[in-house]
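Listed here are the chains, written in short residue letters.
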There are 2 protein chains.
Amino acid sequence: MPVSTQAAHPLTLIPGPVEFTDEVLQAMATPSQSHVSPQFVSVFGDALALLRELFMNKDKSAQAFAIAGAGTLGWDFVASNLLEPGENALVLHTGYFADSFADCIDTYGGVPTQLKAPLGDVVPLEQVEAALKSKFYKLITITHVDTSTGVLSDIKSIAALVRKVSPETLVIVDGVCSVGVEEIRFDEWDLDFVLTAPQKAIGVPAGLSIFIASGRALDVFKARKAKPGSYYASLAKWLPIMQNYEAKKASYFSTPPVQNIHALLASLKQILAIPLEDRFAAHEKMSEHIKETIASYGLKQVAVREGYQAHGMTAVYLPDGVALPDLLPKIAKRNIVLAGGLHKDIATKYFRIGHMGVSAIGDDRNDFTLALTAIKESLAECGYSI
Amino acid sequence: MPVSTQAAHPLTLIPGPVEFTDEVLQAMATPSQSHVSPQFVSVFGDALALLRELFMNKDKSAQAFAIAGAGTLGWDFVASNLLEPGENALVLHTGYFADSFADCIDTYGGVPTQLKAPLGDVVPLEQVEAALKSKFYKLITITHVDTSTGVLSDIKSIAALVRKVSPETLVIVDGVCSVGVEEIRFDEWDLDFVLTAPQKAIGVPAGLSIFIASGRALDVFKARKAKPGSYYASLAKWLPIMQNYEAKKASYFSTPPVQNIHALLASLKQILAIPLEDRFAAHEKMSEHIKETIASYGLKQVAVREGYQAHGMTAVYLPDGVALPDLLPKIAKRNIVLAGGLHKDIATKYFRIGHMGVSAIGDDRNDFTLALTAIKESLAECGYSI
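Since the model is a prediction, treat every value here as computed from it, not as a measurement.

Analysis parameters
Residues numbered from 1 in each chain as written. Chains lettered and ligands numbered in written order. Predicted model: local features only at pLDDT ≥ 70, side-chain atom pairs only at ≥ 80, totals over all residues. Heavy atoms only, no water. Helix = DSSP H or I, 4+ residues; strand = E, 2+ residues; numbered from the N terminus. Rg over C-alpha atoms; globule rule 2.2 N^0.38 Å. Contact = heavy atoms within 4.5 Å. Lys, Arg positive; Asp, Glu negative; His and termini not counted. Charge placed at Lys NZ, Arg CZ, Asp CG, Glu CD. Salt bridge = Lys/Arg side-chain N within 4 Å of Asp/Glu carboxyl O. Buried < 20%, exposed > 50% of the residue type's maximum accessible area, 1.4 Å probe, protein only. Domains from an automatic or database assignment. Buried area = accessible area lost by both parts, 1.4 Å probe. Nonpolar A, V, L, I, M, F, W, Y, C, P; charged D, E, K, R; others polar. Pairing = 2+ DSSP bridges. Axes fitted to C-alpha atoms, helices over the stretch in contact; angles between N-to-C directions. Polar contact = N/O pair within 3.5 Å; in protein donor to acceptor, adjacent residues only side chain to side chain. Least-squares fit on C-alpha atoms with pLDDT ≥ 70 in both.

Trainee: I keep staring at the overall build of chain A and nothing clicks. Help me out?
Mentor: Helix and strand counts for chain A come out as 13 helices and 13 strands. Its C-alpha atoms give chain A a radius of gyration of 21 Å, near enough to 21 Å, the size a compact globule of 386 residues would have. Seen along its three principal axes, the alpha-carbon backbone of chain A occupies a region of about 60 × 55 × 35 Å. A separation of at least 24 residues holds for 72% of the contacts in chain A among residues at least 6 apart in sequence. Mean positive and mean negative side-chain charge positions of chain A (34 and 41 charges, respectively) differ by 4 Å.

Set out below in structure tokens:
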């Protein structure tokens, strides 16, 4: 393995941004290229084609998108294109991000109804079924992994339930903290829209809104009667652009982020160099190791239900008597950056570890040996003995 | 001067993206950092403070913003925050981009009225004055430099006219192809909103929406009665985030593009190392040289009126008998990338040269000696003799 070209720096082991490979960072530094040059058109086209592979998509009625922005912008694409004012959306709530998605839906005139799981748990399927039978929901949103709690939702079973009970309802997956680490079979599971961000398990610096929309979702958007809800987040503007770039034709609506797209291609090539199943299994193995070690320290996870815990992050309650502003700086002194809490009900009571991408499954890395030791030593310094 | 670390590559001399400095590209490859780490918070805060300097702003009631996205997204911020449905906007049209801005305003329910200049010219001040007296416009939009025509608008005089005739009207400047190359005195000229993109005269890869809003504009937004028009492009969401980062406090709405912000800071430091007046003068000198040389080749500019021609780009009509698909590849063979036309009425009849940033005013660069020679030789190969 070549020596890293990255300057010595603290290891960023939060649930995104994650550590990046040298190749990805080098691609971020690609010298200037015209956004309509054959060189860049080819890079963008290849990236869009590989995004299909990442989503396990072969059905060409679907389309992948990569647009300058952030994961958040994916919500705007859903709420301003797929819902018309007054239409109902069922929002499954497993943490912070469902509240925000609901807020976004409301902004564009949709009517969100939240089904809230108890903190650290998922919404029972029977509740989802009852809600879907109570009235027609144009779409359902599921946070695949809620980054505030580490709760993993079972999108396969939920999607199957939707198809059985309310087949016209669009299945929308917020995959910001899941795409690239959790199993997602877009075609096979009959999903309609999966949105994500690059700085998590895709392993690319923040700066993109990445998503894939099914043929069914695109048909719903094309049949839209209301005027578009957004200009920049308009599927009407971007769909032909993505289709053209994927067909290796230059096209212009708004200048794409050339360097970020180069980095996306570099990372997708690395990710897809091994079967996705192997990637998922490797992440699962590391996740189990981290969760077992944390448990051996006597610490409890925020995500309470076995089988519904994310494989790319772990949210961990602090032991009694240890405060976040004491612990995290002690861990940081050991050159390990972890994240504080985000869920408003418990924000000061837990911390979060991100274990996605090269830190978790890269060859010859010992990031989590260092991190788990740093946590143990820092807890001891805080007076908590294991 | 150190040897460039950039691999040999064709010179991108289009009206954005422009060539980037080594330091900017190295900043794009910054190893991962948490978006709420003290290191990154400091970088983001410094970048926001330097953006004020770039806009010649000292009045702290204004606020600068840098958000993952594109120049285009700046239109959404204007149209979805500063206009309420049914309110009037006066759009000065000097090319392609006014049509798009008007389209964006219409999307969010505002009512755009376009004042169209003849192709290659500006709207006479008397026409603007008559329009402003005919009814109340909540805002006026001016494309400072229209990238499709190279027409430069006199925003100083237009702003002064607005303050005289309709003082409550917000003055909105689309500075995508002007910020960093044309004189803009935000406070002194009493402007309300200047939006731009990084990949032009700011010299940073595409991927950001950059703008500054006056205290007056922020008051108008705070007094808004209609619900917000956009979620991602919401001033309500982003204003506290930018205020916090500038005060060196971590804050979260949506993960910022860490590497792009590092690159922004690197470039702003380089830009502001000399007085802005000197930067503008150096661009003017290079622009004159290019325009004179083009004229000496017998070629005409799209921008017809002296004093209203951009200093960071030149749009040039092809001579009779020379076709764009013949000329541009011949220039490209000489490792110079120029741009084709964009204005729909004349798209196939002209080409565009970008002369912003390090290619135009960098020490020890001969980019335009090469480019002007490449144009001359390629024209000759196309059968046009000078």
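Trainee: Would you explain the pattern of salt bridges in this entry?
Mentor: Between side chains of opposite charge, a pair can form as their charged atoms come close. Residues and elements named next belong to chain A. Inspection of the entire model under this criterion finds 38 salt bridges over all chains. A salt bridge links Asp190 to Arg163; the nearest nitrogen and oxygen atoms lie 3.0 Å apart. Of this pair, Asp190 sits in the loop between strand E8 (170-174) and strand E9 (193-196) while Arg163 is found in helix H6 (residues 155-165), placing the two residues 27 residues apart along the sequence. Exposure remark for Arg163: the relative accessible area of 17% places this residue in the buried category. Here Arg216 makes a salt bridge to Asp190, at a shortest N to O gap of 3.1 Å. Of this pair, Arg216 sits in helix H7 (residues 215-222) while Asp190 is found in the loop between E8 and E9, placing the two residues 26 residues apart along the sequence. Several salt bridges share partner residues, and in doing so they unite Arg163, Asp190, Asp192 and Arg216 into one network.

Trainee: What's the story with the domain arrangement of chain A in this structure? I'm lost.
Mentor: As a measure of interface size, the accessible area lost when the parts come together is often cited. Residues and elements named next belong to chain A. The domains assigned to chain A are domain 1 (11-20 + 276-381) and domain 2 (22-271). With centres defined by C-alpha atoms, the gap from domain 1 to domain 2 works out at 26 Å. At the interface, 30 residues of domain 1 touch 37 residues of domain 2. Considering only the side of domain 1, the residues that lose the most area to domain 2 are Phe20, Phe280 and Tyr308, jointly responsible for 26% of the buried surface there. Counting across the interface, domain 1 meets domain 2 through two salt bridges. Per element, the largest residue contribution to the side of domain 1 that touches domain 2 is five residues, and it comes from helix H10 (residues 276-296). Looking at the side of domain 1 that touches domain 2, its residues break down into 18 nonpolar, seven polar and five charged.

Trainee: Honestly, the sheet that holds strand E2 (residues 63-68) of chain A in this entry has me stumped. Any pointers?
Mentor: Paired through their backbone hydrogen bonds, the strands of a sheet run either parallel or antiparallel. Residue and element names in this part refer to chain A. Taken together, seven strands build an open sheet; the order of strands is E2-E10-E9-E8-E5-E3-E4 and the sheet is mixed. In this open sheet, the two edge strands, each paired with only one partner strand, are E2 and strand E4 (111-116). Ignoring strand direction, the axes of neighbouring strands in this sheet form an average angle of 20°. Where E8 lies against E9, three bridges are found, and the strand directions are parallel. Across the sheet, the residue bridging to Ile172 is Phe193, located in E9. Sheet contacts for helix H4 (residues 96-107): strand E3 (88-93), E4, strand E5 (139-143), E8 and E9; angle to E4, the most-contacted strand, approximately 165°.

Trainee: Whenever I open this one, the environment of Thr369 of chain A confuses me. Can you help?
Mentor: Inspection of the secondary structure assignment puts Thr369 of chain A in helix H13 (residues 367-381). For Thr369 of chain A and Ile290 of chain A, which are 79 residues apart along the polypeptide, the C-alpha to C-alpha distance reads 9.4 Å.

Trainee: Looking at this structure, how should I read the pairing of E8 of chain A?
Mentor: Side chains on a regular strand alternate between the two faces of the sheet. All names here are of chain A. Of all five residues in E8, five are buried; the element is thus mostly enclosed. Neither face of E8 is left uncovered, since the one carrying Leu170, Ile172 and Asp174 and the one carrying Val171 and Val173 both have all their residues buried. With five bridges joining them, E5 and E8 adopt parallel strand pairing. Residue pairing for E8: Ile142 is matched across the bridge by Val173.

Trainee: Looking at this structure, I do not really get the interface of chain B and chain A. What am I missing?
Mentor: Each partner contributes residues to the interface: chain B has 57 residues there, and chain A has 56 residues. Between chain B and chain A, roughly 4000 Å² of surface is buried when both sides are summed, and carbon and sulfur atoms account for 60% of that area. Applying the counting criterion to the chain B and chain A interface returns four salt bridges. Where Asp103 of chain A meets Lys237 of chain B, a salt bridge forms, and the shortest distance between an N and an O atom there is 2.6 Å. Applying the counting criterion to the chain B and chain A interface returns 22 residue pairs in polar contact (both at pLDDT 80 or more). If you list the elements that add at least two residues to the side of chain B that touches chain A, you get helix H1 (22-28), helix H3 (71-81), helix H4 (96-107) and helix H9 (258-271) of chain B. No other element matches the seven residues that H4 of chain B contributes to the side of chain B that touches chain A. By residue class, the composition of the side of chain B that touches chain A is 29 nonpolar, 22 polar and six charged.

Trainee: Looking at this model, I keep getting lost on helix H3 (residues 71-81) of chain A. Mind explaining?
Mentor: Because each turn of an α-helix spans 3.6 residues, side chains separated by three or four positions end up pointing in the same direction. Extensive coverage of H3 of chain A is indicated by the burial of 11 of its 11 residues. By the burial criterion, the buried members of H3 of chain A are Gly71, Thr72, Leu73, Gly74, Trp75, Asp76, Phe77, Val78, Ala79, Ser80 and Asn81 of chain A.

Trainee: Any chance you could explain the relation of the copies chain B and chain A here in plain terms?
Mentor: In summary, the two copies of the chain are related to each other by a rotation about an axis coupled with a shift along it. When chain B is brought onto chain A, the operation consists of a screw motion whose angular component is 180° and whose axial shift is 0.0 Å, with 0.0 Å RMSD remaining. The two molecules are tied by a two-fold rotation axis, judged by turn and shift. Scanning chain B for the C-alpha nearest the rotation axis identifies Gly69 of chain B, at a separation of 2.1 Å.

Trainee: Sorry if this is basic, but what is going on with the environment of Trp189 of chain B here?
Mentor: All names here are of chain B. In this fold, Trp189 is placed in the loop between strand E8 (170-174) and strand E9 (193-196). What makes Trp189 buried here is its relative accessible area of 11%. Taking C-alpha positions, Trp189 is 23 Å from Ala117, a pair spaced 72 residues apart along the chain. The contacts of Trp189, once residues within four sequence positions are left out, are Ile155, Lys156, Ala159, Glu183 and Ile184.

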